[in-house]
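# Working through the structure, step by step
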Amino acid sequence: MTENHHQGQDAVNEYQGSLGTFSGVFTPSVLTILGIILFLRLGYVVGSAGLSRALIIIGLANAISILTSFSLAAIATNLKVKRGGDYYMISRTLGVEFGGAIGIVLFLAQSVSIAFYCIGFGEALTGILSRTTEAFPQIVAALAVALLFIFAWMGADWATRLQYVIMGCLAAALVSFFIGGLARWDSAVLVQNWAPNPSTPGFWVLFAIFFPAVTGFTQGVSMSGDLKDPGKSLPNGTFMAVGVSILIYFGAAIVFAAVLPGHVLIGDYGAMKEVAFVSFLVHIGVIAATLSSAMASFLGAPRILQSLAGDRIFPLLLPFAKGYGETGNPRRGVLLSAGIALATIALGRLNLIASLVSMFFLISYGLLNYATYYEARTSSPSFRPTFRWFDGRLSLLGFFACLGTMLAINLPAGAVAIGILFGIYQYLKRTSGPARWADSRRSYFLQRVRENLLSAALEPEHPRDWRPQILAFSNDSRRRGQLLQFASWLEGGSGVTSVVRILEGEGLKMLKLREEAESELKRDIETQGLTAFPLVVVAPKLHVAVQILVQGFGVGPLKANTILLNWRGELPKGILGLGEAKYGQNLRAAFRYGSNIIILHADEDEWAALEKRSSRDRSIDIWWRDDPTSHLMLLFAYLMTRDASWDGAKIRVLGPESESEEKDALENLGKTLQEVRIEAEPIVVKNISEEMIVRRSSEASMVFLPFSFKKNQVVSPMGVEIKDLVSKLPIVAMVLAAEDIDLDAEPEEGKLGERAAAVDTLVEAEKKARKMEKNAEKAEKTVEEKLHDVASSLASGSREDLEEKIKAASEAKAEAEKVARRAAKASAKAEDAALEAEKLGAHIEMKDKELEKESDDSD
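Residues numbered from 1 in each chain as written. Predicted model: local features only at pLDDT ≥ 70, side-chain atom pairs only at ≥ 80, totals over all residues. Heavy atoms only, no water.

Before going further, it helps to examine the overall build of the protein. From N to C terminus, the protein includes 32 helices and 16 strands. The proportion of buried residues among the 859 residues of the protein is 54%. For the protein, long-range pairs separated by at least 24 residues make up 82% of all intrachain contacts whose partners lie at least 6 apart in sequence. For the protein, the exposed surface amounts to about 37,500 Å²; the carbon and sulfur share of it is 56%. (Helix = DSSP H or I, 4+ residues; strand = E, 2+ residues; numbered from the N terminus. Buried < 20%, exposed > 50% of the residue type's maximum accessible area, 1.4 Å probe, protein only. Contact = heavy atoms within 4.5 Å. Areas by Shrake-Rupley, 256 points an atom, 1.4 Å probe, with all protein chains shown as cover.)

Moving on to the nonpolar core. Side chains that are nonpolar tend, in soluble globular proteins, to be buried together. With 137 residues, the main nonpolar core has Leu38, Phe39, Phe210 and Tyr249 as its most contacted residues. Per-element tally for this core: the top contributor is helix α6 (residues 96–129), with 19 residues. Those residues within four positions of Tyr249 in sequence are excluded, and the remaining contacts are Ile33, Leu34, Gly35, Ile37, Leu38, Leu42, Ile58, Phe210 and Ala213. Core analysis: the next-biggest nonpolar cluster, separate from the first, contains 43 residues, Leu490, Leu600, Phe636 and Ala733 among them. (Core = buried A, V, L, I, M, F, W, Y, C linked by side-chain atoms within 4.5 Å.)

Between α6 and helix α15 (residues 331–347), the shortest axis-to-axis distance is 8 Å and the interhelical angle comes to 55 degrees. With respect to α15, the element α6 is oriented oblique. The hand of the α6/α15 crossing is right-handed. Between α6 and α15, the contacting residues are Phe107, Leu108, Ser111, Val112, Ile114, Ala115, Cys118 and Ile119 on the first element and Leu336, Ser337, Ile340, Ala341, Thr344 and Ile345 on the second. Class assignment of the residues belonging to the contact of α6 with α15 gives a composition of 11 nonpolar, 3 polar and no charged. (Axes fitted to C-alpha atoms, helices over the stretch in contact; angles between N-to-C directions. Parallel < 35°, antiparallel > 145°, perpendicular 65-115°, else oblique. Left-handed = near helix turned anticlockwise from the far one by under 90°. Nonpolar A, V, L, I, M, F, W, Y, C, P; charged D, E, K, R; others polar.)

Mapped onto the elements of the fold, Gln482 is located in helix α21 (residues 477–491). Among all residues touching Gln482, those that are not within four sequence positions of it are Leu600, Ala602, Glu604 and Trp607.

Under the definition given, this model contains 28 aromatic pairs. Considering the side-chain rings of Trp489 and Trp646, the 5.4 Å spacing of their centres and the 80 degrees angle between planes classify their relative orientation as edge-to-face. With Trp489 in helix α21 and Trp646 in the loop between α26 (628–641) and β11 (650–656), the pair connects residues that are 157 residues apart, well separated along the chain. Given the relative accessible area of 4%, Trp489 is considered buried. Exposure remark for Trp646: the relative accessible area of 0% places this residue in the buried category. What links up through ring pairs into an aromatic cluster is the set Tyr370, Tyr373, Tyr374, Phe399 and Phe400. Between Arg41 and the ring centre of Tyr269, over which it is positioned, the NZ or CZ distance is 3.9 Å. Cation over ring: Arg384 sits above Tyr638, and NZ or CZ is 5.7 Å from the ring centre. (Phe/Tyr/Trp six-rings, centres within 6.5 Å; stacked < 30°, edge-to-face > 60°. Lys NZ or Arg CZ within 6 Å of the ring centre and 35° of its normal.)

Under the defined criterion, the tally for this structure stands at 14 salt bridges. The closest approach of N and O atoms between Arg652 and Asp621, which form a salt bridge, is 2.8 Å. Separated by 31 residues along the polypeptide, Arg652 in strand β11 and Asp621 in strand β10 (residues 619–623) bring together distant segments of the chain. The exposure class of Arg652 is buried, given its relative accessible area of 18%. With a relative accessible area of 0%, Asp621 lands in the buried category. Connected through shared salt-bridge partners, Arg480, Arg501, Glu520 and Asp524 make up one network. (Salt bridge = Lys/Arg side-chain N within 4 Å of Asp/Glu carboxyl O.)

Another point: the pairing of β10. A large share of β10 lies buried, amounting to 5 of its 5 residues. Every second residue of β10 is oriented toward a common face, with Ser619, Asp621 and Trp623 on one face and Ile620 and Ile622 on the other, all of them buried. A crossover connection joins β10 to the parallel β11 through α26; in handedness this β-α-β unit is right-handed. When β10 meets strand β13 (residues 702–706), the two strands line up parallel, connected through 3 bridges. Opposite Ile620, over in β13, you have Met702 as the bridge partner. (Right-handed = clockwise from strand over helix to strand, strands pointing away. Pairing = 2+ DSSP bridges.)

Moving on, we come to the packing of helix α2 (residues 21–33) against helix α11 (residues 230–259). One can describe the packing of α2 onto α11 by two numbers: an axis separation of 8 Å at closest approach and a directional angle of 35 degrees. Crossing geometry of α2 relative to α11 is assigned as right-handed. Packed against α2, whose contacting residues are Thr21, Val25, Phe26, Ser29, Val30 and Ile33, the element α11 presents Ser233, Leu234, Asn236, Gly237, Thr238, Met240, Ala241, Val244, Ser245 and Tyr249 at the interface. Grouping the amino acids of the contact of α2 with α11 by side-chain chemistry returns 9 nonpolar, 7 polar and no charged.

What follows deals with the environment of Ile58. The residue Ile58 is located in helix α4 (residues 42–76) in this model. On the basis of relative accessibility, which here comes to 1%, the residue Ile58 falls in the buried class. It is 9.7 Å that separates the C-alpha atoms of Ile58 and Leu42, two residues lying 16 residues apart in sequence. Not counting residues within four places of it along the chain, the set of residues in contact with Ile58 comprises Leu42, Phe210, Tyr249, Phe250 and Ala253.

So, about unusual backbone geometry. Despite not being glycine, Asn687 shows a phi value in the positive range, around 50 degrees. Along the chain, the position of Asn687 falls in the loop between β12 (681–685) and α28 (690–697).

Together, Glu780, Glu784, Glu785, Asp789 and Glu817 make up a negatively charged patch on the protein surface. Here the negative patch gets 4 residues from one element, more than from any other, and that element is helix α30 (residues 751–796). If you trace the backbone, Glu780 turns up in helix α30. (Patch = residues over 30% accessible without salt bridge, like charges linked within 9 Å, V, L, I, M, F, W, Y side chains within 5 Å. Lys, Arg positive; Asp, Glu negative; His and termini not counted. Charge placed at Lys NZ, Arg CZ, Asp CG, Glu CD.)

Tracing the backbone through its elements, the reader meets Leu79 in the loop between α4 and α5 (86–94). Each C-alpha atom of the pair Leu79 and Pro385 lies 8.1 Å from the other, and the pair is 306 residues apart in sequence. Non-local contacts of Leu79, meaning those with residues more than four positions away in its chain, are made with Arg92, Arg464 and Pro747.

What follows is about helix α7 (residues 136–154). Owing to its 3.6 residues per turn, the α-helix aligns residues three or four sequence positions apart on the same side. Given a rise of 1.5 Å per residue, 19 residues ought to cover 27 Å, and the 28 Å separating the end C-alpha atoms of α7 matches this to within 8%. Those residues of α7 lying buried are Phe136, Pro137, Val140, Ala141, Ala144, Val145, Leu148 and Ala152. Within α7, the buried residues cover an arc of 165 degrees as seen down the axis, which keeps them to one side. Phi turns positive, to about 125 degrees, at Gly155, one or two residues after α7. (Expected span 1.5 Å × (residues − 1). Arc of directions from axis to C-beta.)

Think of a sheet as strands paired side by side through backbone hydrogen bonds, with each pair either parallel or antiparallel. Spatially, 10 strands are ordered β3-β2-β1-β6-β9-β16-β13-β10-β11-β12 in an open sheet, and the strand pairing comes out mixed. With one partner strand each, in any of the chains shown, β3 (533–539) and β12 form the two edges of the open sheet. Between one strand axis and the next, the sheet turns through 25 degrees on average, direction left out of account. As paired elements, strand β1 (residues 469–473) and strand β2 (residues 496–504) share 5 bridges and run parallel to each other. From the neighbouring strand, Ala472 faces β2, where its bridge partner is Val499.

What follows is about the confidence of the model for the protein. Interpreting fine coordinate detail is not advised for predicted regions of low pLDDT. Mean pLDDT for the protein: 82, with 87% of residues reaching 70 or above. Within the model, the stretch residues 1–15 combines pLDDT values under 50 with 24 contacts to residues more than four positions away or in other chains. (pLDDT = per-residue confidence, 0-100.)

Together, Lys768, Lys771, Lys818, Arg821, Arg822, Lys825 and Lys829 make up a region of like positive charge exposed at the surface. Counting residues per element, the ones that place at least two in the positive patch are α30 and α31 (802–839). Element by element, the count of residues in the positive patch is highest for α31, at 5 residues. Within the secondary structure, Lys818 is located in helix α31. By relative accessible area, Lys818 is classed as partly exposed at 36%.

Taken together, the side chains of Val175, Ile179, Phe277, Val278 and Phe280 define a hydrophobic patch exposed on the protein surface, amounting to about 500 Å² of accessible area. Here Val278 shows up in the loop between α13 (271–275) and α14 (279–310). For Val278, a relative accessible area of 33% corresponds to the partly exposed category.

Here you go:
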């Protein structure tokens, strides 16, 4: 059974969506926003609040939509958003506990919403047909669920076709309304409706009535797994839907206020048909609005459940991970959503849980905003959204706006919803087992390392968390300022630099020299106004100090990964020893112990010229070879542009022409840059030589150049001494990477994904071993029974069927031996799986929790 779950989930993950921005995001979002509130409650809100306050209500409600859309756009352009929409984005940022909790409540809220919209459809149809039977709306709602179930069962493509029909009906109804409104425009009525009606409910009550109108703007996010390009479609489609709906709601409110008197708007929920040019089209619009909202929820809820099940957070939900067909359609989730909707309809009165459902949607929007703020607050190098207008403060404002709205609309319902969410959160915190993907928590701990160092150590490493931890070696105070400034650029606001001096010698006299050297480092750091930590080390031998520093520097997860130093220049003795051979020998030792190496070559005149350039006039050249060093250079160049001194600087990536044509090589280089989300100009260079490098990069502000070792000598990309080349170039950063940083790593990749897979394998192996053991026990009992029959026959002297009984006993014994061998093999595999899981850091107590849950589920 579980193997089928894995296969189904793999098919879902490998499926490349086919829906575009319009069909996959804009259509479901705008059809849910333009729902029952627009047709049956907007007139009441305008008549009660007056046009002045109605416009404020519409503006405040949509402000939450806009703020959350900014957050959504940031995450969607920073992650490859897979199936699950809001749940996926929140879980991959805030972790499995918040993700699992919001996934459950969102699925239930959207499933119950199907019932709400279908009941609205039933009530609308009852009014149109003038039926008075009390159960008629429920019967119609149940039939509507059955109809929509068919489209949801067939898949997103079929449902999208139905949405186009519904959109046509909505458009016709709105066009009829606006034509009729403009024809009957009365400025005097508009003036009368400007002020609020004193006998109607207060502002926040009316706000609560209107707010459900804007809760559908993330419906398209739930379709993330069916999108061709989620990173592009999610922000574009959501902003389009929010923008169009804002215009329609503001326009409709003004038309209502300019056509009908306030008492008519308050007393007649169907006032829109009184305004419309063709009133019958409004009836069709009401029906279309309710069905479209229900259809969007019918598509979104099962996909959230499928993603939640695929992450194996709740073992009970594992069967719902399976997808059907090429699109991985979550039919089991569709069945469950339909069942919840029908059960909700059977209750009849939905007002008791209506407020709670609205609170769940507000919680999801608030957490989405907070998740984005949280991600941005970490300043992680992996947070590189291509959405340009994002600001973390907007996400924080969106979070507080959602929280304040919850308290203002319905304080008890909001408290209950928050209580349910945190109840599930606490449950998952105790039972979820090891983390199954990389989220932003570790990056946050690293950013606040002094307060959260122990917490950060509990989170496993992942390429998305990588940031520069620099050891800047400097013995020369004249050139230390440049080195410190360059180190701060490389940090990009996310790394840590320690400035190191090594004093070679022994004896008490070294203590005073060490104190003086440390004071000098502190003074230089303060003079530059930069953030760095001084470190002075005394050692009898310089090369011993270098090797120990490279291996042992740091606390917990804060380990040095990059060595930075000035080019040895013309000084008789550099920081890493006397002479070029000793200099190269110590660098090679540091490289062997896993440190990236950056050597800065900068003449005073070149540095002075650089300081005179504005940030937008600066440029960075990267000589690309598509290897780990190239990846590291590209990341450092990007981090430099995060500093105010390089904000707006142009990055050029100069790569060699491959065996293919120049056009193909340029296209491949451009595609690589696009995949890693770093804006740079790709350039293909033929026949790269020292002369070509000098000619191409002579005007650059900074040149990143790869180097290597030839024996103990630092050599250029052409394998010759690098000294002459760098002397002809502007400021040069020579780079050699000791690690390959995956600039486009997904949350599920790396050790976390390997560990999750190991735990899953262990769970399956243990289950199979237990099953085989039970089979072996049964086989042994069967052998005993057969032997007992033979013994009974011999004891009684009965020879009847004795030969057959002996044969049966012999066969049972052979089968028991066969089953025992299988059980032994299964047990051995389980032991191997346990060892592998333990190697990958899956703790035994966490494994036991998963085994217990899986066992309970199978029982």
